[in-house]
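Summary of structural features
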Amino acid sequence: MKEKRHALSLLARESACQSAKMSGLSAVRFDTDDRGAPVPHDGVFWSVSHKDSMVSGVVAHAPVGIDIERIKRVSAPLFQRIVPPDEEKRFAASGMSGNQDHIFFRVFTAKEAVLKRETVGIKGLSRIKIDAVLDKN
């Protein structure tokens, strides 16, 4: 399991390198601080994510965060813990009512990406709020 996580981490970093190349940014150094949070180098910020058979990576000239998850069934109590009623209403207004699993993972990945951008741990999840949903995609 540890070997697989390491391999996925390397692939996610390669994805970030591709992001840098496509954006015309300098090469990325993947330094981390003592908490494991990404450290920018030469004004290039980076973030990676990996799950099972998926990887993602992104770089930018400003703090950036990315997260990916595979959509799966979530329990009603977990949904209610992560998605407050006002945020659920914003998704319903965008045409996503009734698809709680999709809504849950849109909310969770958006909040996790913000936490990564701000280099705050998962404990800060409840402080992140969804203000707007642009569309059902």
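Described below are features of the structure shown in this document. These numbers come from a predicted model, not from an experiment.

1. A word on unusual backbone geometry
Here the phi dihedral of Asp 42 falls at roughly 50°; this positive angle occurs in a residue that is not glycine. In this fold, Asp 42 is placed in the loop between α1 (2-23) and β1 (45-51). Although it is not a glycine, Asp 52 sits at a positive phi angle of roughly 40°. Tracing the backbone shows Asp 52 in the loop between β1 and β2 (54-60).

2. A short note on the layout of surface pockets
Of the pockets and cavities examined, the largest pocket occupies roughly 670 Å³. At the level of secondary structure, the elements contributing two or more residues to the lining of the largest pocket comprise α1, β1 and α4 (100-117). Here the lining of the largest pocket takes six residues from β1, the largest share from any one element. For the lining of the largest pocket, the per-class residue count stands at eight nonpolar, nine polar and nine charged. Considering only enclosed or pocket space, the second largest pocket measures out at about 170 Å³ in volume. Along the walls of the second largest pocket sit Arg 81, Ile 82, Pro 84, Phe 108, Lys 111, Ile 122, Lys 123, Leu 125, Ser 126 and Lys 129, which together make up its complete lining. Residue assignment for the lining of the second largest pocket shows that the elements contributing at least two residues are α2 (76-82) and α4. Within the lining of the second largest pocket, the residues separate by chemical class into five nonpolar, one polar and four charged.

3. Regarding the side chain of His 50
One can find His 50 in strand β1. If sequence neighbours within four positions are ignored, His 50 has contacts with Arg 5, Leu 8, Ser 9, Ala 12, Val 55 and Ile 68.

4. A few points about the nonpolar core
Among the nonpolar cores identified, the biggest contains 16 residues, and Phe 79, Ile 82, Val 83, Phe 91, Ile 103, Phe 104 and Val 107 are the most heavily contacted of them. Among the elements of the structure, α2, α3 (85-96) and α4 are those that each provide at least two residues to this core. Counting residues per element, this core draws most heavily on α4, which supplies six residues. Setting aside its immediate chain neighbours within four residues, Val 107 contacts Ile 82, Val 83, Glu 87, Phe 91 and Ile 130. If you look at the next biggest cluster of nonpolar residues, it comprises nine residues, including Ala 12, Leu 25, Val 28 and Val 48.

The rules behind the values
- Residue indices follow the written sequence of each chain, beginning from 1 at its first position.
- Totals for whole chains, interfaces and linings use all residues, but because this is a predicted model, local features are given only for residues with pLDDT of at least 70 and pairs of side-chain atoms are given and counted only at 80 or more.
- Note that the side-chain values use all heavy atoms of the structure and ignore hydrogens as well as water.
- Each helix is a run of DSSP H or I of at least 4 residues and each strand a run of E of at least 2, with the numbering of both proceeding from the N terminus.
- Buriedness of a pocket was judged along seven lines, with at least five required to meet protein on both sides within 12 Å; pockets are open sets of points on a 1 Å grid over the protein atoms alone, cavities are sets where a 1.4 Å probe fits but cannot get out, and lining residues have an atom within 4 Å of a point.
- Grid points are joined across faces, edges and corners, and a volume is the space filled by probe spheres set on the points.
- Nonpolar residues are Ala, Val, Leu, Ile, Met, Phe, Trp, Tyr, Cys and Pro. Charged residues are Asp, Glu, Lys and Arg, and all others, Gly as well, are polar.
- Here a residue-residue contact requires only that any non-hydrogen atoms of the pair lie within 4.5 Å.
- In this description, a nonpolar core means a group of buried Ala, Val, Leu, Ile, Met, Phe, Trp, Tyr and Cys residues linked to one another through side-chain atoms lying within 4.5 Å.
- Each residue's exposure class comes from its accessible area (1.4 Å probe, protein chains only) as a fraction of the maximum for that residue type: buried when under 20%, exposed when over 50%, partly exposed otherwise.

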